[in-house]
Amino acid sequence: MTGTNRPAWATIGVDEERYRPLYARLLGLRFVNPGGVLCFLFFEGAIALAVLLALAELVSWWAVLVLPVVVAAMVKLNDMVAAVVVRSAALVPEQERDRFRRQMEPVVGRARVEWVSHSVPGVVITADPVPPPRRANPSD
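Each value, and the rule that gives it
- Residues numbered from 1 in each chain as written.
- Predicted model: local features only at pLDDT ≥ 70, side-chain atom pairs only at ≥ 80, totals over all residues.
- Heavy atoms only, no water.
- Helix = DSSP H or I, 4+ residues; strand = E, 2+ residues; numbered from the N terminus.
- Expected span 1.5 Å × (residues − 1).
- Bend = angle between axes of the 7 residues up to and from the residue.
- Buried < 20%, exposed > 50% of the residue type's maximum accessible area, 1.4 Å probe, protein only.
- Contact = heavy atoms within 4.5 Å.
- Axes fitted to C-alpha atoms, helices over the stretch in contact; angles between N-to-C directions.
- Left-handed = near helix turned anticlockwise from the far one by under 90°.
- Nonpolar A, V, L, I, M, F, W, Y, C, P; charged D, E, K, R; others polar.
- Lys, Arg positive; Asp, Glu negative; His and termini not counted.
- Salt bridge = Lys/Arg side-chain N within 4 Å of Asp/Glu carboxyl O.
- Polar contact = N/O pair within 3.5 Å; in protein donor to acceptor, adjacent residues only side chain to side chain.
- pLDDT = per-residue confidence, 0-100.
- Phe/Tyr/Trp six-rings, centres within 6.5 Å; stacked < 30°, edge-to-face > 60°.

S.K.: Please clarify how helix α3 (residues 36-55) should be interpreted in this entry.
M.R.: Each α-helix turn comprises 3.6 residues. Residues three or four places apart therefore point the same way. Across its 20 residues, α3 extends 27 Å between first and last C-alpha, which sits within 8% of the 28 Å expected from 1.5 Å per residue. Along its length, α3 reaches its greatest deviation from straightness, about 35 degrees, at Gly-45. Considered for burial, the residues of α3 that qualify are Cys-39, Ala-46, Ala-50 and Ala-54. Residues of α3 that are buried make contact with α2 (22-27) and α4 (63-91). At the C-terminal side of α3, Glu-57 shows a positive phi close to 60 degrees.

S.K.: What is the right way to read α4 from this model?
M.R.: End to end, α4 covers 42 Å across 29 residues, agreeing with the expected 42 Å (1.5 Å per residue, within 8%). For α4, every residue scored as buried is listed here: Ala-63, Val-64, Pro-68, Ala-72, Val-75, Asp-79 and Ala-83. Buried residues belonging to α4 abut α2 and α3.

S.K.: Help me out: how do you make sense of the packing of α3 against α4 in this one?
M.R.: Their axes nearest at 8 Å, the elements α3 and α4 cross at an angle of 145 degrees. Two packed elements cross with a definite hand, and for α3 against α4 that hand is right-handed. In this structure, α3 contributes Phe-42, Phe-43, Ala-46, Ile-47, Leu-49, Ala-50 and Val-51 to the contact, and α4 contributes Ala-63, Val-64, Leu-67, Pro-68, Val-71 and Val-75. Here the contact of α3 with α4 is composed, by residue class, of 13 nonpolar, no polar and no charged.

S.K.: Is there a simple way to think about the side chain of Asp-79 in this case?
M.R.: Inspection of the secondary structure puts Asp-79 in helix α4. It turns out Asp-79 is buried and unbridged, and the closest side chain with the opposite charge, Lys-76, is 4.1 Å from it. Leave out the neighbours within four places in its chain, and Asp-79 touches Gly-28, Leu-29, Arg-30, Phe-31 and Val-32.

S.K.: How should I be thinking about the side chain of Arg-20 in this particular structure?
M.R.: Of note, Arg-20 is situated in the loop between α1 (14-17) and α2. On the basis of relative accessible area, Arg-20 is assigned to the buried category, the value being 5%. Side chain to side chain, Arg-20 and Asn-33 meet in a polar contact 3.4 Å long.

S.K.: What is the right way to look at the confidence of the model for the protein chain in this model?
M.R.: Per-residue confidence for the protein chain averages 78 on the pLDDT scale, and 65% of its residues sit at or above 70. Between residues 1-6, whose pLDDT stays under 50, and residues either more than four places distant or in other chains, the model counts 8 contacts.

S.K.: Explain the packing of aromatic side chains to me, please; I cannot follow it from the model alone.
M.R.: This structure, assessed with the given rule, holds 2 aromatic pairs. The interplanar angle of 45 degrees and the centroid separation of 6.2 Å between the aromatic rings of Tyr-23 and Phe-43 together place this pair among those described as tilted. Of this pair, Tyr-23 sits in helix α2 while Phe-43 sits in helix α3, and the two are 20 residues apart along the sequence. Take Tyr-23: its relative accessible area is 12%, and that puts it in the buried class. Taken together, the aromatic side chains of Tyr-23, Phe-42 and Phe-43 make up a single cluster linked through ring pairs.

This is the structure in C-alpha coordinates:
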(Lines give C-alpha, C1' and ligand atoms only; values in the text may rest on other atoms or scores of the structure.)
Protein backbone atom coordinates (compact mmCIF):
# COMPACT_ATOMS: atom_id res chain seq x y z
CA MET A 1 0.00 0.00 0.00
CA THR A 2 1.45 3.38 -0.96
CA GLY A 3 -0.44 5.42 1.65
CA THR A 4 -3.01 8.14 1.32
CA ASN A 5 -2.84 10.71 -1.42
CA ARG A 6 -1.39 13.80 0.28
CA PRO A 7 -1.45 17.32 -1.17
CA ALA A 8 1.77 18.90 -2.39
CA TRP A 9 1.71 21.49 0.41
CA ALA A 10 1.78 18.89 3.20
CA THR A 11 4.94 18.99 5.26
CA ILE A 12 5.14 15.27 6.07
CA GLY A 13 5.98 12.84 3.30
CA VAL A 14 4.27 9.48 2.86
CA ASP A 15 7.48 7.58 3.71
CA GLU A 16 7.91 9.53 6.95
CA GLU A 17 4.28 9.02 7.96
CA ARG A 18 4.85 5.53 9.35
CA TYR A 19 7.55 6.79 11.76
CA ARG A 20 5.31 9.41 13.34
CA PRO A 21 3.76 8.78 16.78
CA LEU A 22 0.36 7.08 16.83
CA TYR A 23 -1.27 10.15 18.40
CA ALA A 24 -0.26 12.36 15.44
CA ARG A 25 -1.32 9.74 12.90
CA LEU A 26 -4.74 9.21 14.53
CA LEU A 27 -5.43 12.93 14.54
CA GLY A 28 -4.27 13.23 10.92
CA LEU A 29 -1.92 16.12 11.65
CA ARG A 30 -0.35 17.58 8.51
CA PHE A 31 1.40 20.75 9.65
CA VAL A 32 1.93 20.30 13.37
CA ASN A 33 4.53 17.60 13.86
CA PRO A 34 4.78 16.74 17.58
CA GLY A 35 7.50 14.33 18.66
CA GLY A 36 7.10 11.31 20.87
CA VAL A 37 7.54 13.17 24.15
CA LEU A 38 5.04 15.85 23.21
CA CYS A 39 2.49 13.24 22.11
CA PHE A 40 3.01 11.48 25.46
CA LEU A 41 2.34 14.74 27.29
CA PHE A 42 -0.72 15.49 25.17
CA PHE A 43 -2.39 12.13 25.81
CA GLU A 44 -1.05 10.47 28.95
CA GLY A 45 -0.34 13.82 30.59
CA ALA A 46 -3.93 14.93 30.06
CA ILE A 47 -5.17 11.67 31.57
CA ALA A 48 -2.84 12.04 34.58
CA LEU A 49 -3.94 15.65 35.10
CA ALA A 50 -7.60 14.65 34.91
CA VAL A 51 -7.05 11.82 37.44
CA LEU A 52 -5.30 14.20 39.84
CA LEU A 53 -8.09 16.76 39.51
CA ALA A 54 -10.68 14.03 40.07
CA LEU A 55 -8.86 12.69 43.13
CA ALA A 56 -8.74 16.21 44.55
CA GLU A 57 -12.51 16.35 43.90
CA LEU A 58 -12.13 19.49 41.80
CA VAL A 59 -13.83 17.85 38.80
CA SER A 60 -15.98 14.78 38.29
CA TRP A 61 -14.58 11.49 37.01
CA TRP A 62 -15.90 12.30 33.54
CA ALA A 63 -12.93 14.64 33.17
CA VAL A 64 -10.66 11.60 32.78
CA LEU A 65 -12.44 10.90 29.49
CA VAL A 66 -13.20 14.46 28.43
CA LEU A 67 -9.85 16.20 29.02
CA PRO A 68 -7.78 14.09 26.56
CA VAL A 69 -10.51 14.56 23.93
CA VAL A 70 -10.47 18.33 24.47
CA VAL A 71 -6.66 18.43 24.23
CA ALA A 72 -6.80 16.39 21.00
CA ALA A 73 -9.41 18.77 19.60
CA MET A 74 -7.21 21.76 20.39
CA VAL A 75 -4.17 20.12 18.75
CA LYS A 76 -6.24 19.36 15.64
CA LEU A 77 -7.58 22.94 15.61
CA ASN A 78 -4.00 24.23 15.82
CA ASP A 79 -3.11 22.05 12.82
CA MET A 80 -6.07 23.42 10.86
CA VAL A 81 -5.05 27.03 11.64
CA ALA A 82 -1.50 26.26 10.51
CA ALA A 83 -2.92 24.89 7.24
CA VAL A 84 -4.87 28.10 6.62
CA VAL A 85 -1.78 30.21 7.32
CA VAL A 86 0.37 28.17 4.91
CA ARG A 87 -2.26 28.34 2.17
CA SER A 88 -2.72 32.09 2.53
CA ALA A 89 1.05 32.63 2.49
CA ALA A 90 1.26 30.59 -0.72
CA LEU A 91 -1.23 32.93 -2.38
CA VAL A 92 0.96 36.00 -1.84
CA PRO A 93 2.90 36.75 -5.03
CA GLU A 94 6.66 36.48 -4.90
CA GLN A 95 7.06 40.20 -5.63
CA GLU A 96 5.01 41.08 -2.54
CA ARG A 97 7.02 38.66 -0.41
CA ASP A 98 10.28 40.27 -1.56
CA ARG A 99 8.92 43.76 -0.84
CA PHE A 100 7.84 42.66 2.63
CA ARG A 101 11.26 41.13 3.32
CA ARG A 102 12.98 44.34 2.25
CA GLN A 103 10.75 46.40 4.51
CA MET A 104 11.34 44.12 7.48
CA GLU A 105 15.13 43.93 7.20
CA PRO A 106 16.82 45.84 10.00
CA VAL A 107 18.94 48.75 8.83
CA VAL A 108 22.32 48.88 10.51
CA GLY A 109 24.48 51.93 10.04
CA ARG A 110 25.39 55.32 11.39
CA ALA A 111 23.21 58.35 11.35
CA ARG A 112 24.79 61.73 10.65
CA VAL A 113 24.02 64.17 13.43
CA GLU A 114 24.91 67.79 12.98
CA TRP A 115 25.40 69.64 16.22
CA VAL A 116 24.05 73.11 15.99
CA SER A 117 24.48 75.42 18.97
CA HIS A 118 20.74 75.91 19.29
CA SER A 119 19.85 72.22 18.84
CA VAL A 120 20.21 71.51 22.56
CA PRO A 121 18.97 74.51 24.52
CA GLY A 122 20.87 75.29 27.69
CA VAL A 123 23.80 72.98 26.88
CA VAL A 124 27.06 74.31 25.49
CA ILE A 125 29.24 71.79 23.69
CA THR A 126 32.88 72.75 23.47
CA ALA A 127 36.28 71.08 23.38
CA ASP A 128 38.08 73.97 25.08
CA PRO A 129 38.71 73.77 28.82
CA VAL A 130 36.38 75.94 30.81
CA PRO A 131 38.17 78.56 32.95
CA PRO A 132 37.15 78.64 36.60
CA PRO A 133 34.57 81.27 37.40
CA ARG A 134 35.88 84.55 38.88
CA ARG A 135 34.76 85.46 42.31
CA ALA A 136 33.60 88.92 42.89
CA ASN A 137 35.95 90.63 45.31
CA PRO A 138 33.96 92.34 48.05
CA SER A 139 36.66 95.04 48.35
CA ASP A 140 36.11 96.23 44.75
